[in-house]
Number of protein chains: 4
Amino acid sequence: MTVYTRPVHYYETDRMDCVHHSNYIRWFEEARVYFMQENGFPYEGLEAAGIVSPVLSVEANYHAMCRFGETVEIEVELNDYSRTRISFRYQVRDKKTGENRCDGWTYHCFINEAGRPVSLKKVMPEYDRIASKLLKEKEEQ
Amino acid sequence: MTVYTRPVHYYETDRMDCVHHSNYIRWFEEARVYFMQENGFPYEGLEAAGIVSPVLSVEANYHAMCRFGETVEIEVELNDYSRTRISFRYQVRDKKTGENRCDGWTYHCFINEAGRPVSLKKVMPEYDRIASKLLKEKEEQ
Amino acid sequence: MTVYTRPVHYYETDRMDCVHHSNYIRWFEEARVYFMQENGFPYEGLEAAGIVSPVLSVEANYHAMCRFGETVEIEVELNDYSRTRISFRYQVRDKKTGENRCDGWTYHCFINEAGRPVSLKKVMPEYDRIASKLLKEKEEQ
Amino acid sequence: MTVYTRPVHYYETDRMDCVHHSNYIRWFEEARVYFMQENGFPYEGLEAAGIVSPVLSVEANYHAMCRFGETVEIEVELNDYSRTRISFRYQVRDKKTGENRCDGWTYHCFINEAGRPVSLKKVMPEYDRIASKLLKEKEEQ
């Protein structure tokens, strides 16, 4: 489990005086990039090897509003991994109170420069080793 | 069924040379606002009456990339309505080829200035009439 | 003179209940892309020829707030052109009242795939012809 | 002088494989909010006292591109202050190399809930004291 912390930015609010729902999807991405870096398989490494990891689907459930002046903690964990697919789970909490604000999932595949799906085990075995280890740790919880 | 048409903006692309996935959630909102206006229950009317309609959850499935230079058509329809809850379904297509790029749903409730859930039938009977009619039309398809 | 029209989107507002100042810079880009397309030298054509036109500087003066529910008209004109540099001037007005909300400028150069500055007259003579004509028209006003 | 550090986010890039120019204006805001907090006159305090500080104008000069994978340092300083007006100067540098990427200014006024300009010295004397001190320090450099 990795926790990514960041303040709410003024430009992320809307006239309802809370963070616009679309910005949480960007927060998921920030947290995912941080998670991969912290766990030894940085996203930049994927793209440097000519692989991209497009989002196949995203889901977010909004429980309570986040406001300017607050700092949020985003807990990220590997949700699932299968060499050709990877998914993450996120929980956004108010750092001060611990209140659960939003949770969600993102699902991704891996494609090469020709746009063809690839197996991470074949193209980046070290990344596959890390993702497999994280999945095992999650299943043993 | 309502169709909202708009070009892909340069600032909406990312280094993967396609529209960033978070922007489709903003496109859903543009399409939803257009849908409500075209069908006689504009979103501005809700907020003018002291009611806001926060997003409870969002789901998006990405099938193919949208790129700068393209124009997209976003088909919107009422998904469900129950006086205290409303949801919409969206399909994003490339205007030129008709290719399905992304589909999704957003789910909303209605709350008053005190932050309490309200029934649209009680607070805005004309809006309830329109939403109920749209639901009936959808169910009869 | 070209006029680009577009509604204010909800996600563009902030807790001050007006369009966040950073979004006007994105509106300038939308208007610039529209201007180039309407005048026969579309931005996509530049990039298709391996040329990009990065922004060297931007300036915006904010006179009055834009709000959700409004539609804005953005008047764009060529400000200056010299084969290696181009600049545009923008005026954002409320469509309903004509009130001047914001004006600004963007300044650009042209660079090739190697990142070297290029002369538009050399690499895309048709684009140079159109830009020169627009400059002449502006100077004769 | 205050330095605000933050990573480049993937969603901030565009198809030119660099941070979109509009996002630097948002970075200026993040840096300004951090500067005010670090120097004892947090922006949240202004708005809690019913005062908002809209942007009157913004200027940015772009020298070199920022890319995903980089971290930037944004140096912020008070540019000028006069009780009814305040301005800030920003310099965005690559943290790793120290390369100057972008510099700019933002100019602001103070208005109350009725939308009327106010003197910060009258409405928030402690904030006026801090801003005046920062101006004096800058002028003595």
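Reading guide: rules and limits
One numbering rule holds for all chains: residues counted from 1, following each sequence as written. Here chains are named by letter from A upward and ligands by number from 1 upward, in the order in which they appear as written. Confidence filtering applies because this is a predicted model: local features only for residues at pLDDT of at least 70, side-chain atom pairs given and counted only at 80 or more, and all residues used for totals across whole chains, interfaces and linings. Side-chain measures here rest on the full set of heavy atoms in the structure, leaving out hydrogens and waters. Each helix is a run of H or I in the DSSP string that is no shorter than four residues. Each strand is a run of E no shorter than two, and both are numbered from the N terminus. Summary of the burial criterion: residues with accessible area below 20% of their type's maximum are buried, those above 50% are exposed, and those between are partly exposed, where the area comes from a 1.4 Å probe applied to protein chains only. The contact rule is simple, with two residues in contact once any of their heavy atoms fall within 4.5 Å. Once two parts are joined, some of their accessible surface, as seen by a 1.4 Å probe, is lost; buried area is that loss totalled over both. The term salt bridge refers to a pairing of a side-chain nitrogen on Lys or Arg with a carboxyl oxygen on Asp or Glu at a separation within 4 Å. Any N or O atom pair separated by 3.5 Å or less is treated as a polar contact, with the protein-specific requirement of one donor-capable and one acceptor-capable atom, and with residues adjacent in sequence counted only for side-chain atom pairs. Residues are grouped as follows: Ala, Val, Leu, Ile, Met, Phe, Trp, Tyr, Cys and Pro are nonpolar; Asp, Glu, Lys and Arg are charged; every other residue, Gly included, is polar. A pair of strands counts as paired when DSSP detects no fewer than two bridges linking them. The axes used here are C-alpha line fits, helices contributing only the stretch in contact, and every angle between their N-to-C directions lies in the interval 0 to 180 degrees. Site definitions follow a grid-based scheme: protein atoms alone, a 1 Å grid, a 1.4 Å probe that fits but cannot get out for cavities, and for pockets an open set with protein on both sides within 12 Å along at least five of seven lines, plus lining residues having an atom within 4 Å of a point. Grid points are joined across faces, edges and corners, and a volume is the space filled by probe spheres set on the points. Fitting of the copies onto one another was done by least squares over C-alpha atoms, counting residues only where both copies have pLDDT of at least 70.

(A) A look at unusual backbone geometry. Residue and element names in this part refer to chain C. One non-glycine residue, R83, lies in positive phi territory at about 75°. Within the secondary structure, R83 is located in the loop between β3 (71-81) and β4 (85-94). According to the relative accessible area criterion, R83 is partly exposed, its value standing at 42%.

(B) Quick peek at the interface of chain B and chain A. Tallying the contact residues gives 24 residues for chain B and 24 residues for chain A. Across the chain B/chain A interface, buried area totals approximately 2,000 Å², and carbon plus sulfur atoms make up 56% of it. Three residues, B:M16, B:H21 and B:R26, lead the burial of chain B against chain A; their summed loss comes to 25% of the area buried on that side. There are two salt bridges connecting chain B and chain A. For B:E47, the salt bridge identified is with A:R15, shortest N-O distance 2.0 Å. In this structure, the connection of chain B to chain A is made through twelve residue pairs in polar contact (both at pLDDT 80 or more). Mapped onto the side of chain B that touches chain A, the elements with two or more residues apiece are α1 (21-38), α2 (43-48) and β2 (55-62) of chain B. The element contributing the most residues to the side of chain B that touches chain A is β2(B), with eight residues. Class assignment of the residues belonging to the side of chain B that touches chain A gives a composition of eleven nonpolar, seven polar and six charged. As defined by bridge partners, strand β2 (residues 55-62) of chain A adjoins β2(B) across five bridges and the pair is classed as antiparallel. Along β2(B), the bridge assignment pairs A:A60 with B:V58.

(C) Inspection of the sheet that holds strand β5 (residues 100-109) of chain C at higher detail. Spatial strand order, β1(C)-β3(C)-β4(C)-β5(C)-β2(C)-β2(D)-β5(D)-β4(D)-β3(D)-β1(D): ten strands in an open sheet with antiparallel pairing. Lying at the two open borders of the sheet, with one neighbouring strand each, are β1 (2-7) of chain C together with β1 (2-7) of chain D. Within the sheet, the average angular offset between the axes of one strand and its neighbour, ignoring direction, is 20°. Sheet topology places strand β2 (residues 55-62) of chain C next to β5(C); seven bridges connect them, and they run antiparallel. Across the sheet, the residue bridging to C:N61 is C:D103, located in β5(C). Helix α4 (residues 125-139) of chain D contacts β3 (71-81) and β4 (85-94) of chain D of the sheet and is inclined by roughly 100° relative to β3(D).

(D) Focus on empty space enclosed by the protein. Per the counting criterion, the structure on display carries three cavities of 30 Å³ or more. In this model, the largest cavity occupies a volume close to 100 Å³. Lining the largest cavity, in full, are A:Y11, A:E12, A:N23, A:R26, B:Y11, C:R26, D:Y11, D:E12, D:N23 and D:R26. Sorting the residues of the lining of the largest cavity by element identifies α1 (21-38) of chain A together with α1 (22-38) of chain D as the ones contributing at least two each. Its residues assigned to classes, the lining of the largest cavity comprises three nonpolar, two polar and five charged. Computed from the structure, the second largest cavity encloses a volume of approximately 60 Å³. What lines the second largest cavity is B:Y11, B:E12, B:N23, B:R26, C:Y11, C:E12, C:N23, C:R26 and D:R26. Of all the secondary-structure elements, those providing two or more residues to the lining of the second largest cavity are α1 of chain B together with α1 (21-38) of chain C. Split into classes, the residues belonging to the lining of the second largest cavity amount to two nonpolar, two polar and five charged.

(E) Here's a closer look at the relation of the copies chain B and chain A. Rotating chain B by 180° and translating it 0.0 Å along the rotation axis places it on chain A, where the RMSD comes to 0.0 Å. Accordingly, the operation relating the two chain copies is best matched by a two-fold axis. Among all C-alpha atoms of chain B, that of B:E59 lies closest to the rotation axis, at 2.2 Å. The share of interface residues of chain B whose copies in chain A are also at the interface is 100%, consistent with both copies meeting through the same surface.

(F) Highlighting the pairing of strand β4 (residues 85-94) of chain A. All names here are of chain A. Among the ten residues of β4, eight are classified as buried, and the element is accordingly described as predominantly covered. Summarising the sheet, strand β3 (residues 71-81) and β4 pair through nine bridges and their orientation is antiparallel. Considered in β4, the bridge of E77 is made with R89. Here β3 folds back onto β4 in antiparallel fashion, the turn holding three residues, of which R83 has a positive phi close to 75°. Sheet analysis places β4 next to strand β5 (residues 100-109), joined by nine bridges and oriented antiparallel. From the neighbouring strand, F88 faces β5, where its bridge partner is T106. The antiparallel pairing of β4 with β5 creates a hairpin that spans five residues between the two strands, and G98 there sits at a positive phi of about 80°.

(G) Representation of the environment of A:Y4 in the model. Residues and elements named next belong to chain A. Mapped onto the fold, Y4 is located in strand β1 (residues 2-7). Using a relative accessible area of 10% as the deciding quantity, one classes Y4 as buried. Along the chain, Y4 and E73 lie 69 residues apart, while their C-alpha atoms are 5.6 Å from each other. In terms of polar contacts, Y4 uses its side chain to reach the side chain of E30, at 2.4 Å.

(H) Looking closely at the relation of the copies chain A and chain D. Each copy of the sequence occupies a distinct position, and chain A is placed on chain D by a rotation of 180° and an axial shift of 0.0 Å, giving an RMSD of 0.0 Å. Comparing interface residues between copies, 100% of those in chain A also sit at the interface in chain D, which points to an isologous, same-surface contact.

(I) Seen up close, the interface of chain A and chain D. With 14 residues of chain A at the contact, the number on the chain D side is 14 residues. Its largest share of buried area at the contact with chain D, chain A owes to A:Y10, A:Y11 and A:F68, together 40% of the area lost on that side. One can count zero salt bridges joining chain A with chain D. Linking chain A with chain D are six residue pairs in polar contact (both at pLDDT 80 or more), by the criterion used here. Those elements giving two or more residues to the side of chain A that touches chain D turn out to be β1, α1 and α2 (43-48) of chain A. Looking at side-chain class alone, the side of chain A that touches chain D contains six nonpolar, two polar and six charged residues.

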